[in-house]
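Single-letter residue listing:
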Amino acid sequence: MQLDSKIPPGPLADKWAYAKSHYKLVNPANKRKYDIIVVGAGLAGASAAASLGELGYNVKCFVYHDSPRRAHSIAAQGGINAAKNYRNDGDSVYRLFYDTIKGGDYRAREANVHRLAELSVNIIDQAVAQGVPFAREYGGALENRSFGGVQVSRTFYARGQTGQQLLLGAFQALERQIALGTVKQFNRYEMLDLVVVDGHAKGIITRNLLNGKIEAHAADAVVLGTGGYVNVFYLSTNAKASNATSIWRAHKRGALFANPCYTQIHPTCIPQSGDYQSKLTLMSESLRNDGRIWVPKTQGDTRGPKQIPEAERDYYLERKYPSFGNLAPRDIASRAAKEVCDEGRGIGGSGRGVYLDFADAIKRLGRKTIEERYGNLFDMYHDITAEDPYEMPMRIYPAPHYSMGGLWVDYNLMSNVPGLYVIGEANFSDHGANRLGASALMQGLADGYFVLPVTIGDYLATQFGKKADAKSSAFSDAENDVRRRVSRLVDAKGTRSVDSYHKELGGIMWEYCGMARSAEGLKKALGMIRESREQYWRDVRVTGTGEEPNQALEKAGRVADFFELAELMCIDALHREESAGGHFRVEYQTPDGEAQRNDEQFLYVGGWEYKGEGNEPVLHKEPLVYEEAKLATRSYK
Ligand SMILES: Cc1cc2nc3c(=O)[nH]c(=O)nc-3n(C[C@H](O)[C@H](O)[C@H](O)COP(=O)(O)OP(=O)(O)OC[C@H]3O[C@@H](n4cnc5c(N)ncnc54)[C@H](O)[C@@H]3O)c2cc1C
């Protein structure tokens, strides 16, 4: 299979303009004759569905939530990047492009990243026009702060609720289209399969989560904006319901899964406190603007933070990375935290924690300023830990947070299955091997508001009069597959809960495919996953039936998919014999413990093709060509 990325010709900065001028168009009067299915209404899906509706297409939008407003995007705290250069601190579209390519350890596609940087400025205008209440300076101009891996302030934010405010903007736009009749909203519907007719994506199979009804829906194109898969680790910062089912089932129908091993472990999360915990909480990276990270210099120092004098503290990020200090990128900051904890210098009961200390900032800026900047995050920390971060440093530790891998898409955001588009965190596109903070919201909204609404026309123009029939055998076969799978789970009637298996899988993944990976560990993990998965299908216990609201059943299907995805993640991590960004193979590191890439052998996107149960997946490579950014060893020193 040849992976054609469809990168437009011409200089990097002109490619998007060129593409827009050359895409095929759909006549405005014909747009309403096309049906488009959008699965997901997080920032990516809601912005896409609203924009497609506004253009005049006939949109059906499906979510498993009871309202689009519940999408996981609502949890985003810290901010959204844009190269507006309001601070006049040397920012530019090129610099955002360059920071993103370097931040991703040179494993992203240049043309996509440049387009993202160009569109970043439009997103802010769009959101402001919708009334998103971004923080403002005293004079009224929009305020900015910094995020990891950059030396400018380009992050726009709405206190610690940026995702929520942006989602309200997108949701309003979506509601408007629903009222106008261009978008039909299906809440509490879970997509459980993709329907492919003559090689083209032509519909989906859903399960109504309220009554269990399995239904087929046909369309001229299908868009997946269904979020990331980092809940494969069980404990993560993602919403509990986030899962990989839609992209995994599409993968099994032919869509390539790209770079599954690229997952992000975020450095600033509240450490795990016990075995019965089911969720980890992020403390936004924005806190690293003012908080200083440290551990005691001496191993096993059990004194409280205030008893440890300045000279006996190791501000290890400032020491190791003087130019970027506490704003070193996430992959690097997470590994550094793990390293000091492995050395026996971690803090807290488990020894798996480091301090994030605001004492200096409070002294310098005053408590009121810190309250204004981070008040709700401090409150959240206090509520969870019963410790007051204004008085005591926060305790933090890395946790699974984001997936850079996802379904493979070309420049137009179309997967290798014609008619199947993938947007937001669900695709692999723009972040390479490590995502910089505040750029996921930027990507999801760029995809939904600005890219997809233009690129999809190029495909739809070729599909006029080629409607699929939801009563055809392709649909009924897929429906039957879904029914069989649901019955198999309900009928297993085993002894262990879905959660207990999920937790076991998460433990394996964290241990062997988490912050540090080795060939030996990954092989061991593959054996363990296969064994546990086999047992799962025999021994899982799903209470209730398939004809009623049944969360155990919902979870059971998702965990079954996580098992298969976990296996692919380990296969991908094993094959990639280099370290890059969030993928750290202990065998491939520099003498001072930094990731060591191997550009000669691994300068490509790895897209995996599903070959059926029990068969090895097949790897297809999309070579990465750098014309503008020079390949270099990533340094934040
Ligand atoms: C705690 C936290 C804080 C973050 N803070 C920031 C930040 O400050 N800045 C930043 O840039 N990024 C941040 N991120 C990352 C960012 O929030 C996400 O990457 C982004 O919101 C993902 O948006 P999305 O639209 O792709 O997916 P989601 O918001 O996850 O939406 C997925 C949608 O798909 C639907 N869905 C999924 N599967 C199915 C299915 N099978 N059937 C039907 N519907 C389905 C869901 O109902 C939902 O509507 C943060 C992430 C976390 C976890």
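Residues numbered from 1 in each chain as written. Predicted model: local features only at pLDDT ≥ 70, side-chain atom pairs only at ≥ 80, totals over all residues.

Trainee: Explain the domain arrangement of the protein to me, please; I cannot follow it from the model alone.
Mentor: What the domain assignment reports for the protein is domain 1 (12-23 + 30-263 + 402-460), domain 2 (265-399) and domain 3 (482-623). Between the C-alpha centres of domain 1 and domain 2 there is a distance of 31 Å. Listed as interface residues are 20 residues of domain 1 and, on the opposing side, 24 residues of domain 2. Residue composition of the side of domain 1 that touches domain 2, by class: four nonpolar, 13 polar and three charged. (Domains from an automatic or database assignment. Contact = placed C-beta atoms within 7 Å. Nonpolar A, V, L, I, M, F, W, Y, C, P; charged D, E, K, R; others polar.)

Trainee: Help me understand the nonpolar core in this model?
Mentor: Generally speaking, soluble globular proteins have nonpolar side chains that are buried together. Ala49, Val223 and Leu407 are the most contacted members of the largest nonpolar core, which has 187 residues in total. When residues of this core are assigned to their parent elements, the largest contribution, 12 residues, is made by helix H12 (residues 440-460). (Core = buried A, V, L, I, M, F, W, Y, C linked by C-beta atoms within 7 Å. Buried ≥ 20, exposed ≤ 12 C-beta atoms within 10 Å, placed from the backbone. Helix = DSSP H or I, 4+ residues; strand = E, 2+ residues; numbered from the N terminus.)

Trainee: What should I look at first to understand the site of the ligand in this one?
Mentor: Gly40, Gly42, Ser73, Gly227 and Gly424 are the nearest of the 45 residues found near the ligand. Elements that contribute at least two residues to the shell around the ligand include exactly helix H3 (43-55), helix H6 (162-180), strand E6 (189-197), helix H7 (245-252), strand E15 (394-403) and H12. In the shell around the ligand, the residues fall into 19 nonpolar, 24 polar and two charged. (Near = placed C-beta within 6 Å.)

Trainee: Looking at this structure, how should I read the sheet that holds strand E7 (residues 200-208)?
Mentor: Note: strands within a sheet are paired through backbone hydrogen bonds, in either parallel or antiparallel orientation. Spatial ordering of the open sheet is given by E6-E7-E8, a layout of three strands whose pairing is antiparallel. With one partner strand each, in any of the chains shown, E6 and strand E8 (214-218) form the two edges of the open sheet. Within this sheet the neighbouring strands show an average axis-to-axis angle of 25 degrees, counted without direction. Packed on one face of the sheet, helix H13 (residues 473-492) meets E6, E7 and E8 and runs near 140 degrees to E6. (Pairing = 2+ DSSP bridges. Axes fitted to C-alpha atoms, helices over the stretch in contact; angles between N-to-C directions.)

Trainee: Explain helix H5 (residues 110-130) here, please?
Mentor: Three or four residues apart is the spacing at which side chains of an α-helix point the same way, because the helix has 3.6 residues per turn. An ideal rise of 1.5 Å per residue puts 30 Å on 21 residues; H5 measures up with 30 Å between its terminal C-alpha atoms. At Leu119, H5 shows its strongest bend, of approximately 35 degrees. With 15 of its 21 residues buried, H5 lies for the most part within the structure. (Expected span 1.5 Å × (residues − 1). Bend = angle between axes of the 7 residues up to and from the residue.)

Trainee: Please explain the pairing of strand E14 (residues 354-357) as it appears in this structure.
Mentor: For a regular strand, side-chain orientation follows a simple rule: the groups alternate between the two sheet faces. The alternating pattern of E14 places Val354 and Leu356 and Tyr355 and Asp357 on opposite faces, both of which are buried. Pairing of strand E12 (residues 292-296) with E14, which is carried by three bridges, proceeds in the antiparallel orientation. In the sheet register, Arg292 faces E14, and the bridge partner there is Asp357. Taken together, the three bridges between E14 and E15 define a ladder with antiparallel strand orientation. Bridge pairing in E15 links Leu356 to Met394.

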